[in-house]
Every structure is written in structure tokens, then in C-alpha cells.
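Observations on the model geometry
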Amino acid sequence: MGVTSVVKIDADQGAEDGLEELVALARMIAYARQVAQDVKLQFATNCLDLALEAVKQEVGEGLTRELAELSSPVPQVSVRSH
């Protein structure tokens, strides 16, 4: 195994860890959104909807089934900076 192989393995593990962190973040936002909705904090609910959609876009198409349960009524919009 050469040096490039070791670097590739480390990079793959880092990407996987980052993806897991984004999924965990999406779940936390979804929970906070549900709590805000339960206590009728409409502005907070709307802000958390936007945050959830932004994280889901960052995760991408790879985990759509896993994040399907975290859906919000906000339409898909682009939140990327130019």
C-alpha cells in the first residue's frame, strides 16, 4: 500500500464523517422545528424549515431516503453563495 492509498482511505473516512455530522445536524434541526411548531412559534418554525432544507441540499441526493422523514413544507431553493 503506497502513500496515495493511505491518503485516499483517510479522505474517504473524513467525507463519511462529515456526511454523518450533516445528517445528525438535520435531525437536530427537525426536532427543534417540531418543538417550535408545537409551541406555535411560527417565525422560528419558518427559520428552521429553511435551515433544514439548506442542510438537506448540502447532503445531496445520496441520503434522500434517510432524510425523507425530515421533510418540511418549504420548497427547494438555492442557498449557495456566489
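Bear in mind the structure is a predicted one, so any value in this text is a computation, not a measurement. (Residues numbered from 1 in each chain as written. Predicted model: local features only at pLDDT ≥ 70, side-chain atom pairs only at ≥ 80, totals over all residues. Heavy atoms only, no water.)

Things to note about the pattern of salt bridges
One pass over the structure, following the stated rule, counts 2 salt bridges. Here D49 ties to R33 by a salt bridge, and the two come within 2.0 Å at their closest N and O atoms. Of the two residues, D49 sits in helix α2 (residues 42–59) while R33 sits in helix α1 (residues 3–38), which places them 16 residues apart along the sequence. A salt bridge links E53 to K56, with the shortest nitrogen-to-oxygen separation between them at 3.5 Å. Here the residue E53 and the residue K56 both occupy positions in helix α2, the gap between them amounting to 3 residues, near one helical turn. For the pair formed by E53 and K56, the shared burial category is buried. (Salt bridge = Lys/Arg side-chain N within 4 Å of Asp/Glu carboxyl O. Helix = DSSP H or I, 4+ residues; strand = E, 2+ residues; numbered from the N terminus. Buried < 20%, exposed > 50% of the residue type's maximum accessible area, 1.4 Å probe, protein only.)

Some thoughts on α2
Spanning 18 residues, α2 covers 26 Å between terminal C-alpha atoms, matching the ideal 26 Å at 1.5 Å per step. Within the span of α2, buried status applies to T45, D49, L52, E53, V55, K56, Q57 and V59. G60, located one to two residues past α2, shows a positive phi value of around 90 degrees. (Expected span 1.5 Å × (residues − 1).)

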